[in-house]
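Here is what each chain is made of, one letter per residue.
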Amino acid sequence: MRIAESELIINPDGSVFHLHLRPEELADNVILVGDPGRVDMVSEYFEDREFRHQSREFVSVTGTYKGTRMTVISTGIGTDNIDIVMNELDALANIDFETREIREEKRSLNIIRIGTSGAIQPDIPLGSFVFSHVSVGCDGLLNWYADRDRIAMPGIEDAFKEHVGWDRHLPDPYFVKAGQKMIDRFADCTIKGMTIAASGFYGPQGRVLRMPLAMPDMVNSFESFRYGEWRVTNFEMEGSAIAGIAAHLGHNAGTVCCIIANRHLKSSNPDYKSQVRKLVELVLDRLA
């Protein structure tokens, strides 16, 4: 089936609409970062850089690290941007831009997000690395796609909503596991996480400035939630959409974050860049 021009927009230079990448420019190993400035920090480690593209908040570089070809892309903040990035990455990998048809032989990408995060549990120290074995989408994005229950964890979703007193005006949360191959790469060097992917930084993460919250005890309820082996470990803002879309499309994806704040202890480390650099080095080595 041919995909219409209105559904997949291809720029005059043959690149995909938002990312401005051409299919041949995308490596099999993809690192996602939120901050456009962090793309250059990651690509500093590359032995060579094939190009540097920038369009809005989407900056991308493809190069080689220890003989392995990698692409690093900035996504900006939020799962709405992840919807763009993940769908366009899959289009680059699995749609023929000449015929606009889905390729018969599918290409599976290794996708890892490097982020920063606030811990919820008191025993998770500042500077530690949490890998999101499960991501909890509080944004509703995955609910726009058919067959979401095939990749979600409905039992834990129901228990979570009941425990926290989920407000009826909020989108239904979805729980999605990271790719097992990506989990295995980082199992021995990270904390096992179940991570809330919030739809904002303030109210959706329980911060109060001048507006009260719909669920005032939300953070405490997240902290006390238990379901078998699982507990909520930390907040971030993109991982659920990465895990969910990757699971739908057959890519191996996950999120690993450096803890820069602890919400239970009300502590933070604004001087966290050296720890993030250590995490970047860890991810590069594990991908290579």
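Residues numbered from 1 in each chain as written. Predicted model: local features only at pLDDT ≥ 70, side-chain atom pairs only at ≥ 80, totals over all residues. Heavy atoms only, no water.

**Student:** Where do I start with the overall build of the protein in this structure?
**Tutor:** Across its full length, the protein carries seven helices and 15 strands. Computed over the C-alpha atoms, the radius of gyration of the protein is 19 Å, within 12% of the 19 Å expected from 2.2 N^0.38 for a compact globule of 288 residues. A fraction of 77% describes how many contacts in the protein between residues 6 or more apart in sequence connect residues 24 or more apart. Counting every atom, the protein has about 13,100 Å² of accessible surface; 50% of that belongs to carbon and sulfur. (Helix = DSSP H or I, 4+ residues; strand = E, 2+ residues; numbered from the N terminus. Rg over C-alpha atoms; globule rule 2.2 N^0.38 Å. Contact = heavy atoms within 4.5 Å. Areas by Shrake-Rupley, 256 points an atom, 1.4 Å probe, with all protein chains shown as cover.)

**Student:** In this structure, what is going on with the pairing of strand β4 (residues 68–74)? I would like to understand it.
**Tutor:** Looking down a regular strand, the side chains alternate between one sheet face and the other. For β4, the buried fraction is high: six of the seven residues fall into the buried class. The antiparallel hairpin formed by strand β3 (residues 58–65) and β4 contains two residues in its connecting segment, where Lys66 sits at a positive phi of about 50 degrees. (Buried < 20%, exposed > 50% of the residue type's maximum accessible area, 1.4 Å probe, protein only. Pairing = 2+ DSSP bridges.)

**Student:** Would you mind showing me how to read unusual backbone geometry here?
**Tutor:** With glycine set apart, most residues show a phi of negative sign, and most peptide bonds adopt trans. One non-glycine residue with positive phi stands out, namely Arg100, at about 60 degrees. For Arg100, the location among the structural elements is in the loop between β5 (95–96) and β6 (101–102). Located in the positive-phi region is Asp147, a residue other than glycine, with phi close to 65 degrees. Position of Asp147 relative to the elements: it lies in the loop between β8 (129–137) and α3 (154–164).

**Student:** I'm lost on the packing of helix α1 (residues 36–43) against helix α7 (residues 273–287) in this one. Help?
**Tutor:** A pair of packed helices can be characterised by two numbers: the angle between their axes and the separation between those axes. Interhelical geometry of α1 versus α7 gives an angle of 55 degrees and a closest axis separation of 10 Å. In terms of orientation, α1 and α7 fall into the oblique class. Of the two possible hands of crossing, α1 and α7 adopt the one that is right-handed. Counted together, Arg38, Met41 and Val42 of α1 and Val276, Arg277, Val280 and Leu284 of α7 form the full contact between these two elements. Residues belonging to the contact of α1 with α7 are distributed by class as follows: five nonpolar, no polar and two charged. (Axes fitted to C-alpha atoms, helices over the stretch in contact; angles between N-to-C directions. Parallel < 35°, antiparallel > 145°, perpendicular 65-115°, else oblique. Left-handed = near helix turned anticlockwise from the far one by under 90°. Nonpolar A, V, L, I, M, F, W, Y, C, P; charged D, E, K, R; others polar.)

**Student:** Sorry, what's going on with the packing of helix α2 (residues 79–94) against helix α6 (residues 239–249) here?
**Tutor:** Put simply, α2 and α6 touch, their axes get as near as 9 Å, and they point 30 degrees apart. The angle between α2 and α6 falls in the class roughly parallel. α6 is crossed by α2, and the crossing has right-handed handedness. For the pair formed by α2 and α6, the contact residues are Thr79, Ile82, Asp83, Met86, Asn87 and Asp90 on the first element and Ser240, Ala241, Ile242, Ile245, Ala246 and Leu249 on the second. The residue makeup of the contact of α2 with α6, split by class, is seven nonpolar, three polar and two charged.

**Student:** Would you mind showing me how to read the pattern of salt bridges here?
**Tutor:** Oppositely charged side chains can pair when the atoms bearing their charge come close. As enumerated under the stated definition, the model contains 20 salt bridges in all. A salt bridge links Arg277 to Glu44, with the nearest nitrogen and oxygen atoms 3.4 Å apart. Separated by 233 residues along the polypeptide, Arg277 in helix α7 and Glu44 in the loop between α1 and β2 (48–55) bring together distant segments of the chain. Looking at Glu44, the relative accessible area reads 54%, which means it is exposed. Arg113 is paired through a salt bridge with Glu238; the nearest N and O atoms lie 3.0 Å apart. With a gap of 125 residues between them, Arg113 in strand β7 (residues 110–119) and Glu238 in the loop between β13 (234–236) and α6 connect regions that are remote in the sequence. The class for Glu238 is buried, based on a relative accessible area of 5%. (Salt bridge = Lys/Arg side-chain N within 4 Å of Asp/Glu carboxyl O.)

**Student:** Honestly, α6 in this entry has me stumped. Any pointers?
**Tutor:** One turn of the α-helix equals 3.6 residues, which is why residues spaced by three or four share an orientation. Judged by how many residues are buried, α6 sits mostly within the fold: eight of 11 residues are covered. Of all the residues in α6, the buried ones are Gly239, Ser240, Ala241, Ile242, Ala243, Gly244, Ile245 and Ala246. A positive backbone phi angle near 85 degrees is found at Gly250, which sits one or two residues after α6.

**Student:** Honestly, α3 in this entry has me stumped. Any pointers?
**Tutor:** Every buried residue belonging to α3 is among Ile156, Glu157, Phe160 and Val164, and all of these are buried. Buried residues of α3, seen end-on, are gathered within an arc of 105 degrees and therefore sit on one face of the element. (Arc of directions from axis to C-beta.)

**Student:** Whenever I open this one, the environment of Val16 confuses me. Can you help?
**Tutor:** Position of Val16 relative to the elements: it lies in the segment before β1 (29–33). Through-space distance from the C-alpha of Val16 to that of Leu92 is 7.3 Å; in sequence the pair is 76 residues apart. Look past the residues within four positions of Val16 in its chain and what remains in contact with it is Leu8, Ile9, Asn11, Leu21, Glu88, Leu92 and Phe97.

**Student:** Can you walk me through the environment of Ile95 in this structure?
**Tutor:** Secondary-structure assignment places Ile95 in strand β5. Residue class for Ile95 comes out buried when judged on its relative accessible area of 11%. Each C-alpha atom of the pair Ile95 and Leu8 lies 9.7 Å from the other, and the pair is 87 residues apart in sequence. When sequence neighbours within four positions are dropped, the list of residues in contact with Ile95 reads Ile3, Leu8, Asp90, Arg100, Glu101, Ile102 and Arg103.

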